[in-house]
Amino acid sequence: MKPIDRFVTSLLENPGMSSLSRQDFFQLTGRSLAVGALGSAFASCEKKPEANNAASSIASTPSGPAPKLPATSPPADVPTDVSKPIELEQIKAKTEQQEGPTPTPLSEDQRVGYALVGLGHLTLNQILPAFGASKKSKVVALVSGSPEKMQKVAAQYGVKKESCYSYTDYDKLRDNKEVQAIYIVLPNGMHAEYTVRGAQAGKHILCEKPMANSAEECQAMIDACKKADRKLMIAYRIQYEPHNRMVREMVQKGQFGKVKSIVATNGQNSDNPDHWRFKKALAGGGSLPDVGLYCLNTIRYVLGEEPTEVMGYVHSTPNDPRFKEVEEQVNWLMKFPSGVQTSCSTSYGHHDDKNYKVLADTGWIKMDPAFPYTGLQLETSQAQGTENQIIQHKISDKDQFAAELDHFSECVMENKTPFTPGEEGLQDQKIMEAIYQSAREGKPVKLALVDKKDAFRGPQPKQA
Ligand code: NAD
């Protein structure tokens, strides 16, 4: 029997035996269970007629004075440092999947305040709800071209009326002291302009992927943020997501030997030719910068290396109204300095499929699906003599948007470079431009050799 159980049992059986004070008790248990267990143990004692004992005198009674307890000192199991999780008692058997540590949210006044720019699908369905799961971030302002929609969203998420801006009023964010960071969730072709203006207004910038429509635009965004001494992060949610983080760890530790190839697909059947995603000026391209980018960025992330050569193929179904300005599908190969070769495909024209497989000399790692917001699955196979050990890894879903938001907030609060800064987005843009060039020219395109691992990333995010 554990000390706490022994104590509670003996107290209930023999209320007069214990002369332990409440504080002694907390020290004895050292666990938060104490609060609830103690409450009920003392409540039971209180009901007993023979009230002349230490335990019942601790419980507040009209007849006896309450003992002097230091009001400010918390029990040993409740850390005063709010960044440390409160420990709860174990409920599940050790063989079952355990809960993670309890959340450690900051209070509202300590969080980084964000202005959200663009109230479309991603903002309404994913980002705004993610603030509820975040620990260090809060939404304090909105920017939209639709006053009615913005009014509704402001009411739903408690944003003040005076903190709602039109696109023409965007620069007035400068005067809103509650706003420390701007999250840009606009069509790709607008990212550069709103990043530059946001940095000039003195705000840190979190920008959705793809970073922009060209390497020149990406460079202008980096330069503007540097000049204004503001941080810039590209919202590559996969790099903050636990399954994909585990794949990277397995690959980098060589858990399955040397990686030989990675095969990746991200495609979906998209519709509505009038949407900005099918307009070159707003989208920059078709499936490649929108969904194909996940294959490219995740492979670079998992390997930590940069490709030295690409070969691309682009195709669009003739006369399909969706593909007048942007491409339908792209297939491409990449060569990496370590000898790894990768094969990727992306499309706006086939049924939803989002996965990748890392093929190494003693096993493989499969993520299927790999890129949706939830429901990711990680499976590995390890060669063991004549058999393969196949494991389906159980990892709880984590709100990917809350994770990336909190990482950026942490960078703002602690003055750190984000893990996925502007340079990471620029590198992807350069590679995508090389893939298009290769497809146009019908031959491989070489890229500058990058010797360093994780050459374009900042320090690793804190969270496990
Ligand atoms: P969306 O079309 O649903 O929303 C875009 C918003 O921009 C709308 O509110 C629209 O009114 C506004 N807008 C302002 N000016 C516009 C203009 N000139 N033309 C069209 N719209 C204009 O798009 P979305 O799916 O929310 O995507 C927004 C950004 O987020 C894109 O850069 C996209 O690549 C990115 N995104 C990222 C993820 C992810 O998982 N990280 C997922 C989806 C989208």
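Just so you know, these numbers come straight off a predicted model, no measurement behind them.

Thresholds applied
Residues numbered from 1 in each chain as written. Predicted model: local features only at pLDDT ≥ 70, side-chain atom pairs only at ≥ 80, totals over all residues. Heavy atoms only, no water. 1 Å grid on protein atoms, 1.4 Å probe; cavity = no way out; pocket = protein on both sides within 12 Å on 5 of 7 lines; lining within 4 Å. Points joined across faces, edges and corners; volume = space filled by probe spheres on them. Helix = DSSP H or I, 4+ residues; strand = E, 2+ residues; numbered from the N terminus. Nonpolar A, V, L, I, M, F, W, Y, C, P; charged D, E, K, R; others polar. Domains from an automatic or database assignment. Polar contact = N/O pair within 3.5 Å; in protein donor to acceptor, adjacent residues only side chain to side chain. Near = heavy atom within 4 Å. Sits in = over half its atoms within 2 Å of the grid points. Contact = heavy atoms within 4.5 Å. Pairing = 2+ DSSP bridges. Axes fitted to C-alpha atoms, helices over the stretch in contact; angles between N-to-C directions. Buried < 20%, exposed > 50% of the residue type's maximum accessible area, 1.4 Å probe, protein only. Core = buried A, V, L, I, M, F, W, Y, C linked by side-chain atoms within 4.5 Å. Phe/Tyr/Trp six-rings, centres within 6.5 Å; stacked < 30°, edge-to-face > 60°.

K.L.:
When you look at the layout of surface pockets in this model, what are you seeing that I'm missing?
P.N.:
A probe as big as a water molecule, rolled over the atoms, marks out the empty space that is left. In this structure, the second largest pocket occupies an estimated 970 Å³ of space. What lines the second largest pocket is a set of 40 residues, among which His 121, Leu 122, Trp 276, Arg 277 and Asp 290 lie closest to the centre. Looking at the lining of the second largest pocket, the element that brings in the most residues is helix α5 (residues 121–131), giving 5 residues. Tallied by class, the residues present in the lining of the second largest pocket amount to 18 nonpolar, 14 polar and 8 charged. Here the lining of the second largest pocket gathers at least three residues from each of two domains, domain 2 (108–235) and domain 3 (239–395 + 425–446).

K.L.:
What is the right way to read the environment of Asp 454 from this model?
P.N.:
Residue position: Asp 454 is located in the segment after β15 (445–446). Residues Asp 454 and Tyr 301, 153 residues apart in the sequence, show an inter-C-alpha distance of 7.6 Å. In this structure the side chain of Asp 454 is engaged in a polar contact, spanning 2.9 Å, whose partner is the side chain of Arg 248.

K.L.:
Looking at this model, I keep getting lost on the site of the ligand. Mind explaining?
P.N.:
Residues in close proximity to the ligand total 24 residues, the closest being His 121, Asn 188, Arg 237, Trp 276 and Tyr 294. One of the backbone N or O atoms of Leu 122 is found 3.0 Å from an oxygen atom in the ligand. A distance of 3.1 Å is found between an oxygen atom of the ligand and a backbone nitrogen or oxygen belonging to Leu 186. Assessed atom by atom at 2 Å from the grid points, the ligand resides in the second largest pocket. Those elements giving two or more residues to the shell around the ligand turn out to be α5 and α11 (287–303). Looking at the shell around the ligand, its residues break down into 13 nonpolar, 5 polar and 6 charged. For the shell around the ligand, the two domains that each supply at least three residues are domain 2 (108–235) and domain 3 (239–395 + 425–446).

K.L.:
Help me out: how do you make sense of the side chain of Thr 195 in this one?
P.N.:
Structurally, the position occupied by Thr 195 is in helix α7 (residues 191–200). Here the side chain of Thr 195 touches His 191 through a polar contact of 2.7 Å, landing on its backbone oxygen. In contact with Thr 195, other than residues within four places in its own chain, are Ile 184, Ile 205, Cys 207, Met 221, Cys 225 and Leu 232.

K.L.:
Would you explain the sheet that holds strand β4 (residues 181–184) in this entry?
P.N.:
Strands pair in a sheet through their backbones, by hydrogen bonds, and they do so in one of two ways: parallel or antiparallel. Read from one edge of the open sheet, 6 strands run β3-β2-β1-β4-β5-β6, paired in parallel fashion. Edge positions in the sheet fall to β3 (164–165) and β6 (232–234), since each of these pairs with one other strand and no more. With 3 bridges joining them, strand β5 (residues 204–207) and β6 adopt parallel strand pairing. Looking at the pairing, Ile 205 lines up with Leu 232 of β6. Contacting β1 (112–117), β2 (137–143) and β4, α5 runs over the sheet at an angle of about 170 degrees to β1.

K.L.:
I would appreciate a short explanation of the pairing of β1 in the present structure.
P.N.:
Moving residue by residue along a regular strand, the side chains alternate between the two faces of the sheet. Buried residues dominate β1, accounting for 6 of its 6 residues. Residue alternation in β1 divides its side chains into two sets, Val 112, Tyr 114 and Leu 116 and Gly 113, Ala 115 and Val 117, and both sets are buried. Across 6 bridges, β1 lies against β2 in parallel orientation. If you follow Leu 116 over to β2, its bridge partner there is Leu 142. The pairing of β1 with β4 spans 4 bridges and is parallel. When the bridges of β4 are listed, Tyr 114 appears paired with Ala 181.

K.L.:
Explanation requested: the nonpolar core in the structure shown.
P.N.:
One recurring pattern in soluble globular proteins: nonpolar side chains tend to sit buried together. Grouped together as the largest cluster of nonpolar side chains are 96 residues, with contacts concentrated most on Tyr 183 and Tyr 356. Here the element with the most residues in this core is α11; it accounts for 9 residues. Mapped onto the domain boundaries, this core takes at least three residues apiece from domain 2 (108–235) and domain 3 (239–395 + 425–446). Counting 5 residues, the second largest nonpolar core, distinct from the first, contains Val 291, Phe 323, Val 326 and Tyr 348.

K.L.:
Just checking my understanding: could you explain the packing of aromatic side chains for this structure?
P.N.:
Each aromatic ring pair is summarised here by two numbers: the centre-to-centre distance and the angle between the ring planes. Counted according to the given criterion, the structure contains 10 aromatic pairs. Seen from their ring centres, Tyr 114 and Phe 131 are 5.8 Å apart, and the 65 degrees between their planes marks the pair as edge-to-face. Note that Tyr 114 is positioned in strand β1 and Phe 131 in helix α5, a separation of 17 residues in sequence. You can call Tyr 114 buried: its relative accessible area is 0%. The class for Phe 131 is buried, based on a relative accessible area of 9%. Centroid distance Tyr 301 to Phe 419: 6.3 Å. Interplanar angle 80 degrees. Geometry classified as edge-to-face. One end of the pair, Tyr 301, is in helix α11; the other, Phe 419, is in the loop between α12 (400–414) and α13 (422–441), with 118 residues separating them in the sequence. The pair Tyr 301 / Phe 419 is uniform in exposure class, with both members buried.

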